[in-house]
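# Close look at the chain arrangement
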Amino acid sequence: MKAHKTIPSKSIKAALIAPCGMNCSLCHAYIRNKNVCPGCYGDDDLKSKSCAMCHIKNCGTRKAGKFKYCFECNEFPCLWVKRIDKRYRTKYAMSMMDNLEYIRQFGIKKFVRQEKGKWICANCGKIICVHKRNCIFCGFDWRTNNLIQKLPHNTRG
Ligand code: SF4
Ligand code: SF4
Ligand SMILES: [Zn+2]
């Protein structure tokens, strides 16, 4: 299996939670060894074109309103948020809108704490990459076997 750097769960932090609710520390582009993306708030030159050009990250409404997360916006959930949420729910069994709702209700600190406990491979204890069906470190099928769907804020399946 291809070697990846081992990121302990403590590297999940508020600075890696994007305005859309994405946890960038679970992204393959962040976990991989080469061409590592610094996360949504990082330098655009180091990101993929799609993330550098992202409508949500670059949203003028958010910048003008000087708020951090999309749930604080009067237009929430706008088409862009709905679109990415649908894509992630369908493809990766994760919901940005659920993440944002959790942050709205309980705050970012509690969300980060929960994420640290949630995205751990039940087999090897290393961080789970949301974009890969199997643990990138040990090959375990975490989507089938971890208890992620049963956690309270992940209600959309
Ligand atoms: S590629 Fe996009 S989603 Fe992944 S870490 Fe970078 S900014 Fe975040
Ligand atoms: S919800 Fe609001 S802040 Fe977020 S992308 Fe949509 S319009 Fe921009
Ligand atoms: Zn594992």
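Thresholds, definitions, all that
Residues numbered from 1 in each chain as written. Chains lettered and ligands numbered in written order. Predicted model: local features only at pLDDT ≥ 70, side-chain atom pairs only at ≥ 80, totals over all residues. Helix = DSSP H or I, 4+ residues; strand = E, 2+ residues; numbered from the N terminus. Buried ≥ 20, exposed ≤ 12 C-beta atoms within 10 Å, placed from the backbone. Near = placed C-beta within 6 Å. Nonpolar A, V, L, I, M, F, W, Y, C, P; charged D, E, K, R; others polar. Contact = placed C-beta atoms within 7 Å. pLDDT = per-residue confidence, 0-100. Core = buried A, V, L, I, M, F, W, Y, C linked by C-beta atoms within 7 Å.

## Topic: the environment of His55
- Looking at where His55 falls in the secondary structure, it is placed in the loop between α2 (49-52) and α3 (60-65).
- Look at His55 and you get partly exposed, because 14 C-beta atoms sit within 10 Å.
- C-alpha separation for the pair His55 and Trp80, spaced 25 residues apart in sequence, amounts to 7.1 Å.

## Here we look at the site of ligand 1
- The local shell around ligand 1 consists of Ala18, Met22, Cys24, Cys27, Ala29, Tyr30, Cys37, Gly39, Cys40, Lys47, Ser48 and Cys51.
- The residue inventory of the shell around ligand 1, partitioned by class, reads nine nonpolar, two polar and one charged.

## Structural notes on the site of ligand 2
- Taken together, Ile56, Cys59, Thr61, Arg62, Cys70, Cys73, Glu75, Phe76, Cys78, Trp80 and Val81 form the complete shell of residues around ligand 2.
- Residue assignment for the shell around ligand 2 shows that the elements contributing at least two residues are α3 and α4 (79-92).
- Residues that form the shell around ligand 2 fall into these classes: eight nonpolar, one polar and two charged.

## Things to note about helix α5 (residues 96-106)
- Within α5, the full set of buried residues consists of Met96, Met97, Asp98, Asn99, Leu100, Tyr102 and Ile103.
- Among the structural elements, α4 and α6 (108-118) are those in contact with the buried residues of α5.

## Quick look at the confidence of the model for the chain
- Predicted confidence across the chain gives a mean pLDDT of 88, with 86% of residues reaching 70 or more.
- Mean pLDDT across the elements of the chain bottoms out in helix α7 (residues 142-145) (81) and peaks in α5 (98).
- Taken as a whole, residues 149-157 scores under 50 in pLDDT and shows 13 contacts with residues more than four places along the chain or in a different chain.

## Remarks on the environment of Ile17
- Relative to the assigned elements, Ile17 resides in the segment before α1 (28-31).
- Here the alpha-carbon distance between Ile17 and Cys40, two residues 23 residues apart in the chain, equals 7.8 Å.
- With near-sequence residues (within four places) excluded, Ile17 lies in contact with Asn23 and Ile108.

## Some points on the nonpolar core
- Ranked by size, the top nonpolar core spans 37 residues in total, and within it Cys20, Cys24, Val81, Met96 and Ile128 carry the most contacts.
- At the level of secondary structure, the elements contributing two or more residues to this core comprise α1, α4 and α5.
- Top contributing element to this core by residue count: α5, with five residues.

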